[in-house]
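Observations on the model geometry
What follows is the residue order along each chain.
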Amino acid sequence: MKLKKYEASTEIEAMEQVRDELGEDAVILNIKKIKPRGLFAAFRKPHVEVTAAFEEKEVIEKNTEDTKKEEEIDERLKAEMEKVKKLEEKLFQTETKLEAAVNKIAEKNEKREKKYKNDTLQIIAENLQSQGVSQKIIDKITDECEKRSNIENLDINIVVKMVYNKIVKIIGKSEELKLNDEDKFAKNVVFLGPTGVGKTTTIAKLSSLFIINEGADVGFITCDTYRIAAVEQLKTYAEILGCDVGVVYSPEDFKETYDNMKMIHDMIFIDTAGRSHKNKDNFDELKALIKEIESNDIYLVLSLTTKYEDLI
């Protein structure tokens, strides 16, 4: 065991020195107040001397632990600094790419031939083109607007309204679906198309129009027994509208279901399962079903947001 003395202005300061250097296990052997001596003793303050005993091994271990902790902290700091450096490099690369992209767009816009005086009309035409609308149709929509003498200064809302009205005019009115009053049996209307385009929902909407506006007696037949909850969905609509629902699991089942319903309804809406145009087996099954249905009213349902080339 070794001894070491510590001096400080107060006992508390001396004890802190002992604890910091020797640790909590150091043994305090003596605490002594020392008064100043000599010629200038009156001008000096008394101080405290603390004598502590310690095992040299413990001090070495404590110093070693402190060194290890410092080294660990240094390593962590280095690792964090490395991460920061990598993030800065990535950020710089991203900024460089973004700047290049912005410059490319700006350069492209400078080279782009501006066909229309009005900027809004120019953007609409470009968007129509990007969505696959043919240039012939775009010209039909925009040319009449472009002829306006003050088109360059027209408000954006007015330009959009003009384009909208022109599109509606080009599309025209839809063919009206009517009841077949001359036929003693129900009029059959079949809906087919890909999955998720809204066949079942469309049937519910059209049925409500016939029931409310014409007082027709409408029935449903669903062949969509593949999609989860498809039958329940149509049954829910039927319950709200007060319609009968027939469920068909195969082309062979259709005739029996149809024969039971055609004598008591004015119109029967037939919902088929969504089919991919690439699946031959599904197509063959759909063809077999269509052959069993005595109807010329077959409607292909497609999504309005589909590009023209995809529709084709």
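The coordinates are above.
Just so you know, these numbers come straight off a predicted model, no measurement behind them. (Residues numbered from 1 in each chain as written. Predicted model: local features only at pLDDT ≥ 70, side-chain atom pairs only at ≥ 80, totals over all residues. Heavy atoms only, no water.)

1. Description of the overall build of the protein
Just so we agree on the cut-off: Strands here mean DSSP runs of E at least two residues long; helices mean DSSP runs of H or I at least four residues long; both are numbered from the N terminus. Residue contacts follow a heavy-atom distance rule, with two residues in contact if any of their heavy atoms lie within 4.5 Å. Accessibility throughout is a Shrake-Rupley quantity obtained with a 1.4 Å probe, and a residue counts as covered only by protein chains that appear here.
A tally of regular secondary structure across the protein gives ten helices and eight strands. Contacts spanning at least 24 positions in sequence make up 67% of the contacts within the protein whose residues lie at least 6 apart. When the accessible area of the protein is evaluated, it comes to approximately 22,700 Å², of which 53% is carbon and sulfur surface.

2. Observations regarding the sheet that holds strand 2 (residues 27-34)
We apply this condition: Following DSSP output, two strands are said to pair if at least two bridges run between them. Where helices are involved, their axes are fitted lines through C-alpha atoms of the stretch in contact, as for all axes, and angles between N-to-C directions lie from 0 to 180°.
Ordered by their spatial adjacency, three strands build an open sheet running 1-3-2, and the pairing between neighbours is antiparallel. Strand pairing shows two members of the sheet lacking a second neighbour, strand 1 (2-8) and strand 2, which therefore form its edges. With strand direction ignored, the average angle separating the axes of adjacent strands in the sheet is 20 degrees. The pairing of strand 2 with strand 3 (residues 47-54) spans seven bridges and is classified as antiparallel.

3. A word on a nonpolar patch on the surface
Just so we agree on the cut-off: Without a salt bridge and with relative accessible area above 30%, a residue can belong to a patch; like charges are then joined within 9 Å and nonpolar side chains (Val, Leu, Ile, Met, Phe, Trp, Tyr) within 5 Å. One speaks of a salt bridge when a side-chain nitrogen belonging to Lys or Arg is within 4 Å of a carboxyl oxygen belonging to Asp or Glu.
A surface patch of nonpolar side chains, amounting to about 290 Å² of accessible area, comprises Leu3, Val27 and Leu29. Within the element layout of this structure, Val27 appears in strand 2.

4. Re helix 7 (residues 230-241)
What counts here: Take the residue count of a helix, subtract one, and multiply by 1.5 Å to get its expected span.
Here helix 7 spans 17 Å end to end across twelve residues, near enough to the 16 Å set by a 1.5 Å rise per residue. The positive-phi residue at the C-terminal boundary of helix 7 is Gly242, with phi of around 75 degrees.

5. Here we look at the sheet that holds strand 6 (residues 244-247)
Read from one edge of the open sheet, five strands run 6-5-7-4-8, paired in parallel fashion. This sheet does not close on itself; its edge strands, each paired only once, are strand 6 and strand 8 (297-300). Going from strand to strand, the sheet's axes swing by 20 degrees on average, the running direction of each strand aside. Across four bridges, the pairing between strand 4 (residues 187-192) and strand 8 is parallel. Within strand 8, the position partnered with Leu192 by the bridge is Leu300. The sheet strands contacting helix 6 (residues 199-214) are strand 4, strand 5 (218-222) and strand 7 (267-271), and the helix crosses strand 7 at an angle near 170 degrees.

6. Describing the packing of helix 3 (residues 119-130) against helix 4 (residues 135-146)
Using the following cut-off: Should an angle lie under 35 degrees it is considered roughly parallel, over 145 roughly antiparallel, and from 65 to 115 roughly perpendicular; all remaining angles are considered oblique. Any residue that is not Ala, Val, Leu, Ile, Met, Phe, Trp, Tyr, Cys, Pro, Asp, Glu, Lys or Arg is counted as polar, Gly included; the first ten are nonpolar and the last four charged.
Closest axis-to-axis distance for the helix 3/helix 4 pair is 10 Å, and the angle between their directions is 170 degrees. The orientation of helix 3 relative to helix 4 falls into the category roughly antiparallel. For the pair helix 3 and helix 4, contact is made by Leu121, Ala125, Leu128 and Gln129 and by Gln135, Ile138, Ile141, Thr142, Cys145 and Glu146, respectively. Looking at side-chain class alone, the contact of helix 3 with helix 4 contains six nonpolar, three polar and one charged residues.

7. A short note on a negative patch on the surface
Quick reminder of the rule: Charged residues are defined narrowly, with Lys and Arg counted positive, Asp and Glu counted negative, and His plus the chain ends left uncounted. Every charge is mapped onto a representative atom, which is NZ of Lys, CZ of Arg, CG of Asp or CD of Glu.
A contiguous patch of negative charge, built from Glu70, Glu71, Glu72, Asp74 and Glu75, is present on the exposed surface. Positionally, Glu75 belongs in helix 2 (residues 56-111).

8. Re the side chain of Lys166
Applied cut-off: Summary of the burial criterion: residues with accessible area below 20% of their type's maximum are buried, those above 50% are exposed, and those between are partly exposed, where the area comes from a 1.4 Å probe applied to protein chains only.
Looking at the secondary structure, you find Lys166 in helix 5 (residues 156-171). On the basis of relative accessible area, Lys166 is assigned to the buried category, the value being 16%. Here Lys166 is in contact with Lys140, Ile141 and Glu144, once residues within four sequence places are set aside.

9. A look at the environment of Leu177
Relative to the helices and strands, Leu177 resides in the loop between helix 5 and strand 4. Relative accessible area serves as the criterion here: at 16%, Leu177 is assigned to the buried category. Beyond its immediate stretch of four places on either side in the chain, Leu177 contacts Lys187, Val189, Phe210, Phe269, Asp297 and Tyr299.

10. Quick word on the nonpolar core
Side chains that are nonpolar tend, in soluble globular proteins, to be buried together. Put simply, the test is: Here the nonpolar core consists of buried residues drawn from Ala, Val, Leu, Ile, Met, Phe, Trp, Tyr and Cys, with membership extended through side-chain atoms lying within 4.5 Å.
In this structure, Phe210, Val218, Phe220 and Phe269 are the most contacted members of the largest nonpolar core, which totals 15 residues. Looking at this core, the elements with two or more residues in it are strand 4, helix 6, strand 5, helix 7 and strand 7. Ranked by size, the runner-up nonpolar core spans 14 residues in total, among them Ala186, Cys223, Val248 and Tyr258.

11. Concerning helix 1 (residues 11-22)
Worth spelling out the cut-off: Here the arc refers to the directions that run from the helix axis out to each C-beta atom.
With twelve residues, helix 1 ought to run about 16 Å at 1.5 Å a step, and its terminal C-alpha atoms sit 16 Å apart, in line with that. All of the buried residues in helix 1 are Ala14, Val18 and Leu22. Burial along helix 1 is one-sided: seen end-on, the buried residues are contained in an arc of 45 degrees. In helix 1, those exposed residues whose orientation departs by more than 90 degrees from the buried face are Ile12 and Asp20. Within two residues after helix 1, Gly23 carries a phi angle of roughly 90 degrees, on the positive side.

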